[in-house]
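Coordinate inspection notes
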Amino acid sequence: MYAQMIKSTGEGVKSRDEMSPEEAAFQEKVDADIKIEPRDWMPEGYRKTLIRQIGQHAHSEIVGQLPEGNWITRAPTLERKMILLAKVQDEAGHGLYLYSAAETLGVTRDELTEALLTGKMKYSSIFNYPTLNWADIGAVGWLVDGAAIMNQVPLQRTSYGPYSRAMIRICKEESFHQRQGYDIMMKMAQGTPEQKKMAQDALNRYWYPSLMMFGPSDAESVHSAQSMAWKIKVNTNDELRQKFVDQTVPQAEYLGLTVPDENLKWNEEKGGHDFSEPDWTEFFDVLKGNGPCNTDRLNARVKAWEDGEWVRDGLLAHAEKKAARKVAAE
Amino acid sequence: MAEVDKTQLAQFLLRMGDNTLILGHRVSEWCGHSPVLEEDIALANTALDLLGQTSLWLGYAAEVRGTGETADDVAFLRDAWDFRNLLLVELPNGDFGRTMMRQFLFDAFHSVLLGRLLQSSDQTVREIAEKASKEVAYHVERSADTVVGLGDGTEESHARMQAALDYLWPYVGEMFASDETDRALAAAGVAPDPANLRDDFDALIGKVLAEATLHIPDSDFAHKGGRTGAMHTEHLGHILCQMQWLQRVYPNANW
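Small disclaimer: the values here were computed from a predicted structure and weren't measured.

Attention now goes to the overall build of chain A. From N to C terminus, chain A includes 13 helices and 2 strands. What you see for chain A is a C-alpha radius of gyration of 21 Å, in line with the 20 Å of a compact globule of 330 residues. Considered along the principal axes of its C-alpha atoms, chain A spans approximately 70 × 60 × 35 Å. Across the 330 residues that make up chain A, the buried fraction comes to 56%. Working note: accessible area of chain A is about 14,500 Å², and carbon and sulfur atoms make up 52% of it. A gap of 6 Å separates the mean positions of the 40 positive and 49 negative side-chain charges of chain A.

Next up, the structure:
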């Protein structure tokens, strides 16, 4: 998933005694793993939190096209170019399903787009990092999509029906994305000294930003507790981060690359790796708009939207004329 | 039927593959920047189809040349003077209207040409045309719809589409300017003489542009030099700088 720091009601989880009869019935359905559908009654906080979460995920897919799109015209072979183009196209498709899922909660795609462009809504911090060499395209697939999948797989079972169904489709494509990323890394790691250098450089720059994708520790967060009670969040951020590190470290070893963390070591007792925390000051800076690419990413989206206005208006005007002509002819 | 010379067959295959390669490159530049999400997806799809066709055409060109090259070698290791694409496809994207007008003019030509190639005396050409013509039938339907929608849209969209047509029109004539190679291929039944495609092309675009309320410029002046390689535009070199950069800086690497 590409959602970070999603706020829920901020009031913590209500006990059964504090719930209205509707809320209690709703919570019982969630507890029994019965999907909530758009026409069902739902608490206002649930609806709003989901809009924030699904919207942020959709925006991340859209902005996420930019760092990868940066390499389409420079991809080194026809096959790599086609795979990358297909992957970026999938991401636009994910954006589309997710905006549609959000629309079932009573918000339009245009409203969500405006919230993105005015900075009211965020997208994942990871897409504010640049793609500087070809191995970054491998690293984005391997690490960034890998981290996203950690979160998305459990969300296939999320309580909101349209979101769960969107996640099932998205997960199928994301695991293909991760494999193609790892495949690029393999080629690079086994390649010439320069290619190996690119691969290590990409891992060095993408390791900590990938760990940040899970968000800071939320074991104590009231927002997370509520989201988990509603089953729109399944695991804590730390659980997922640990799982990601444990999965990724052997893959890096297999590639012959070094994870840029001197404190990384296997901890037999906990059955997982010990590792360094990312720099959370940097994370909050990126969220505030001070990442290496925030301004450029958002400007690119604003420009696409503004430059496209005459196109959207033109096509709409034509559709209206056509409809009017049809009425006149009848 | 006359036997076709390998050099001439390879020339024809480069013309086909370079058109799709360079246009695919241009269209892929839109990725993440188009006016609406559905257009991002559709443009990526068009670029993907064109690049898939490129692998087939250039792969066959490499085979015919018999030098042990791959499609990638042909795409990434030739200099501008060896490219045989139409000048039209290397022109910069401009606004979305110009991109779609260029796409429509090329799709119209491409669909007429591929239709004829279904009858090619060369089996591989026929097979590639069978696959490509299905994709291009969809491309031309979509680009024609967009040209009509924007031509007959608002005052602004109409003006932009007319400006796009005016700018691109001098690059249309090259599609039909045939030479010795074309005549030899036509005699061997491999490919039609492009000069003979003009009527079908004019009929197709005439209908669509009329519906789009756009005016076809009166001039029949044509810029030429792309498909013969005699003189490309200044833009091609910049495309190759991007496209070939990694292959050139790190030769013989496996990607």
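Now that the structure has been shown, the text picks up again.
A separate point is the interface of chain A and chain B. The interface is formed by 46 residues belonging to chain A together with 49 residues belonging to chain B. Between chain A and chain B lies a buried interface of about 4,000 Å² when both sides are counted; carbon and sulfur atoms form 70% of it. Put simply, chain A and chain B have 3 salt bridges between them. Across the pair arginine 325 of chain A and aspartate 152 of chain B runs a salt bridge whose closest N-O atoms are separated by 3.1 Å. At the boundary of chain A and chain B, one finds 14 residue pairs in polar contact (both at pLDDT 80 or more). Every element with two or more residues in the side of chain A that touches chain B is listed here: helix H3 (65-69), helix H4 (78-103), helix H7 (161-189), helix H8 (193-212), helix H12 (294-307) and helix H13 (309-329) of chain A. Looking at the side of chain A that touches chain B element by element, the count peaks at 13 residues for H4 of chain A. Tallied by class, the residues present in the side of chain A that touches chain B amount to 24 nonpolar, 11 polar and 11 charged.

Note on aromatic pairs: each is described by the distance of the centres and the angle between the planes. The tally for this structure, following the rule as stated, stands at 18 aromatic pairs over all chains. Judged by centre distance (5.9 Å) and plane angle (35°), the rings of tryptophan 71 of chain A and tryptophan 245 of chain B are tilted. Of this pair, tryptophan 71 of chain A sits in the loop between H3 and H4 while tryptophan 245 of chain B sits in helix H11 (residues 245-249), placing the two residues on different chains. Residue classification places tryptophan 71 of chain A among the buried residues on the basis of a relative accessible area of 0%. Take tryptophan 245 of chain B: its relative accessible area is 34%, and that puts it in the partly exposed class. Look at tyrosine 167 of chain B and tyrosine 171 of chain B: their rings are 6.3 Å apart centre to centre, the planes differ by 45°, and that puts the pair in the tilted class. According to the relative accessible area criterion, tyrosine 167 of chain B is partly exposed, its value standing at 31%. By relative accessible area, which is 12% here, tyrosine 171 of chain B ends up buried. Lying across the ring of tryptophan 71 of chain A, arginine 74 of chain A places its NZ or CZ 3.7 Å from the centre. Arginine 312 of chain A extends its terminal NZ or CZ atom over the ring of tryptophan 305 of chain A, reaching a point 3.5 Å from the ring centre.

Our next topic: the environment of tryptophan 30 of chain B. Residue placement: tryptophan 30 of chain B occurs in the loop between helix H1 (6-28) and helix H2 (37-65). Discounting residues that sit within four places of it in the chain, tryptophan 30 of chain B has contacts with Pro35, Asp40, Leu43, Asn93, Gly94, Asp95, Phe96 and Thr99 of chain B.

Attention shifts here to the state of the cysteines. Inspection of every chain in the model, using the stated rule, returns 0 disulfides over all chains. Cysteine 293 of chain A provides the cysteine sulfur closest to cysteine 31 of chain B, a residue in no disulfide bond, and the two sulfurs are 17 Å apart.

This part takes up the side chain of serine 125 of chain A. Residue placement: serine 125 of chain A occurs in the loop between helix H5 (109-117) and helix H6 (134-155). The contacts of serine 125 of chain A, once residues within four sequence positions are left out, are Gln4, Phe283, Val286 and Leu287 of chain A.

A word on the nonpolar core. Grouped together as the largest cluster of nonpolar side chains are 142 residues, with contacts concentrated most on Trp134 of chain A together with Phe12, Met101, Phe104, Leu105 and Leu117 of chain B. The residues touching phenylalanine 12 of chain B, leaving out its near neighbours within four places in the chain, are Leu117, Val125, Leu185, Val190 and Ala191 of chain B. By size, the runner-up hydrophobic cluster in this structure holds 30 residues, among which are Ile62, Leu98, Ala101 and Leu112 of chain A.

So, about a negative patch on the surface. All names here are of chain A. On the surface, Glu103, Asp110, Glu111 and Glu114 cluster together to form a negatively charged patch. Residue contributions to the negative patch peak at 3 residues, all from H5. In this structure, glutamate 114 sits in helix H5.

Attention now goes to the pattern of salt bridges. All names here are of chain A. Under the defined criterion, the tally for this structure stands at 34 salt bridges over all chains. Between aspartate 183 and arginine 80 there is a salt bridge, and its shortest N-O distance comes to 3.1 Å. Of the two residues, aspartate 183 is situated in helix H7 and arginine 80 in helix H4; the sequence distance between them amounts to 103 residues. Classification of aspartate 183 by relative accessible area gives partly exposed; the value is 35%. With relative accessibility at 8%, the residue arginine 80 sits in the buried group. The closest approach of N and O atoms between lysine 303 and aspartate 307, which form a salt bridge, is 2.6 Å. With lysine 303 and aspartate 307 both in helix H12, this residue pair falls 4 residues apart, about one helical turn. Each member of the salt-bridge network shares a partner with another, and the members are Glu68, Lys87, Glu91 and Asp145.

Moving on: H13 of chain A. Residues and elements named next belong to chain A. Between its first and last C-alpha atoms H13 spans 30 Å; for 21 residues at 1.5 Å apiece the expected length is 30 Å, and the two agree. Every buried residue of H13 is listed here: Trp310, Val311, Gly314, Ala317 and His318. For H13, the angular spread of the buried residues around the axis is 130°, confining them to a single face. What points out from H13, more than 90 degrees from its buried face, is the exposed set Leu316, Glu320, Lys326 and Val327.

Parameters and conventions
- Residues numbered from 1 in each chain as written.
- Chains lettered and ligands numbered in written order.
- Predicted model: local features only at pLDDT ≥ 70, side-chain atom pairs only at ≥ 80, totals over all residues.
- Heavy atoms only, no water.
- Helix = DSSP H or I, 4+ residues; strand = E, 2+ residues; numbered from the N terminus.
- Rg over C-alpha atoms; globule rule 2.2 N^0.38 Å.
- Buried < 20%, exposed > 50% of the residue type's maximum accessible area, 1.4 Å probe, protein only.
- Areas by Shrake-Rupley, 256 points an atom, 1.4 Å probe, with all protein chains shown as cover.
- Lys, Arg positive; Asp, Glu negative; His and termini not counted.
- Charge placed at Lys NZ, Arg CZ, Asp CG, Glu CD.
- Contact = heavy atoms within 4.5 Å.
- Buried area = accessible area lost by both parts, 1.4 Å probe.
- Salt bridge = Lys/Arg side-chain N within 4 Å of Asp/Glu carboxyl O.
- Polar contact = N/O pair within 3.5 Å; in protein donor to acceptor, adjacent residues only side chain to side chain.
- Nonpolar A, V, L, I, M, F, W, Y, C, P; charged D, E, K, R; others polar.
- Phe/Tyr/Trp six-rings, centres within 6.5 Å; stacked < 30°, edge-to-face > 60°.
- Lys NZ or Arg CZ within 6 Å of the ring centre and 35° of its normal.
- Disulfide = S-S within 2.5 Å.
- Core = buried A, V, L, I, M, F, W, Y, C linked by side-chain atoms within 4.5 Å.
- Patch = residues over 30% accessible without salt bridge, like charges linked within 9 Å, V, L, I, M, F, W, Y side chains within 5 Å.
- Expected span 1.5 Å × (residues − 1).
- Arc of directions from axis to C-beta.

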